[in-house]
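Residue strings, one per chain:
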Amino acid sequence: MQPDQLAAQQPNQAPVEAAPVTTLPEQQPIQWQAPEYIQEHRSPWWFISFWAVVVVFMVIAVVLIRSWSFAILIPAMAAALTIYSHRPPRQMSYVLSDKGLYINEKLHPMAEFKSFGVMREEAWPSVMLIPVKRFRPGLTVHFPVEAGEAIVDMLGSRIPMQDIKLDFFDKLIRQLHL
């Protein structure tokens, strides 16, 4: 059937229009600065305990596993971790806008994240953004308390909020102050 014939059969019908696309209202960007991570204070006993555990792992590697290369690798990894833990956190600049989250002028579009959650366990509150990609780690962003409500509101208007449960590995890292 031709379009003219179809229109002649249904004269009282209005043409079908596409539904309007709803867009979110533009919001003002939110800017803040926060440390890259919260640096934990470690006592000398922490370091003594840490290196005692390293020695125990080296003995296990030599006696039980019989791997000298692994026994040498353990203190190398421990030394790298000790050096990294002494590095002071950088001050990061954040801008949250309609386009996404800028971290030191690098854009992370909101399409990269499927949800977010708020964590209040540290000195600075933080937001963990859960990525869409399965094996990519979550992005933790610290923020000052006074900017928290605006940040959560803007993120909540773009992606869903969920309760964040730290897995065993994350809890262990926090417990060990790493």
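Up top you'll find the structure we're talking about.
In this report, the structure presented in the accompanying data block is examined. (Residues numbered from 1 in each chain as written. Predicted model: local features only at pLDDT ≥ 70, side-chain atom pairs only at ≥ 80, totals over all residues. Heavy atoms only, no water.)

**With respect to empty space enclosed by the protein**
Next up, step 1: Considering all chains together, one arrives at one cavity of 30 Å³ or more under this definition.
Next up, step 2: One number sums up the size of the largest cavity: a volume of about 40 Å³.
Next up, step 3: Lining the largest cavity we find Trp 32, Leu 101, Val 127, Leu 129, Val 141, Phe 143, Ile 151 and Leu 155.
Next up, step 4: Sorting the residues of the lining of the largest cavity by element identifies strand E6 (126–131) and helix H4 (148–158) as the ones contributing at least two each.
Next up, step 5: Residue composition of the lining of the largest cavity, grouped by class: eight nonpolar, no polar and no charged. (1 Å grid on protein atoms, 1.4 Å probe; cavity = no way out; pocket = protein on both sides within 12 Å on 5 of 7 lines; lining within 4 Å. Points joined across faces, edges and corners; volume = space filled by probe spheres on them. Helix = DSSP H or I, 4+ residues; strand = E, 2+ residues; numbered from the N terminus. Nonpolar A, V, L, I, M, F, W, Y, C, P; charged D, E, K, R; others polar.)

**Considering the sheet that holds strand E4 (residues 106–109)**
Next up, step 1: An order of E1-E2-E3-E4 is seen for the four strands of this open sheet, with the pairing classed as antiparallel. One side of each edge strand has no neighbouring strand; the edge strands of this open sheet are strand E1 (30–35) and E4. Geometrically, the sheet is characterised by an average inter-axis angle of 25° between neighbouring strands, direction not taken into account.
Next up, step 2: Of the strand pairs in this sheet, strand E3 (residues 100–103) and E4 are connected by four bridges, and their pairing is antiparallel. Among the inter-strand pairings, Tyr 102 is bridged to a residue of E4, identified as Leu 107.
Next up, step 3: Sitting on the sheet, H4 is in contact with E1 and strand E2 (91–96), with an inclination near 115° to E1. (Pairing = 2+ DSSP bridges. Axes fitted to C-alpha atoms, helices over the stretch in contact; angles between N-to-C directions. Contact = heavy atoms within 4.5 Å.)

**Thoughts on the packing of aromatic side chains**
Next up, step 1: All chains considered together, the criterion is met by four aromatic pairs.
Next up, step 2: Here Trp 46 and Phe 47 contribute two aromatic rings whose centre-to-centre distance is 5.0 Å and whose plane-to-plane angle is 85°, an arrangement assigned as edge-to-face. Across the pair, Phe 47 and Trp 46 agree in class, each one buried.
Next up, step 3: Where Phe 50 meets Trp 51, the ring centres are 5.6 Å apart and the plane angle is 85°; that geometry is what we call edge-to-face.
Next up, step 4: Residue class for Trp 51 comes out partly exposed when judged on its relative accessible area of 32%.
Next up, step 5: A network of ring pairs unites the aromatic residues Trp 46, Phe 47, Phe 50 and Trp 51 as a single cluster. (Phe/Tyr/Trp six-rings, centres within 6.5 Å; stacked < 30°, edge-to-face > 60°. Buried < 20%, exposed > 50% of the residue type's maximum accessible area, 1.4 Å probe, protein only.)

Without other data, these values stay purely geometric and don't point to any function.
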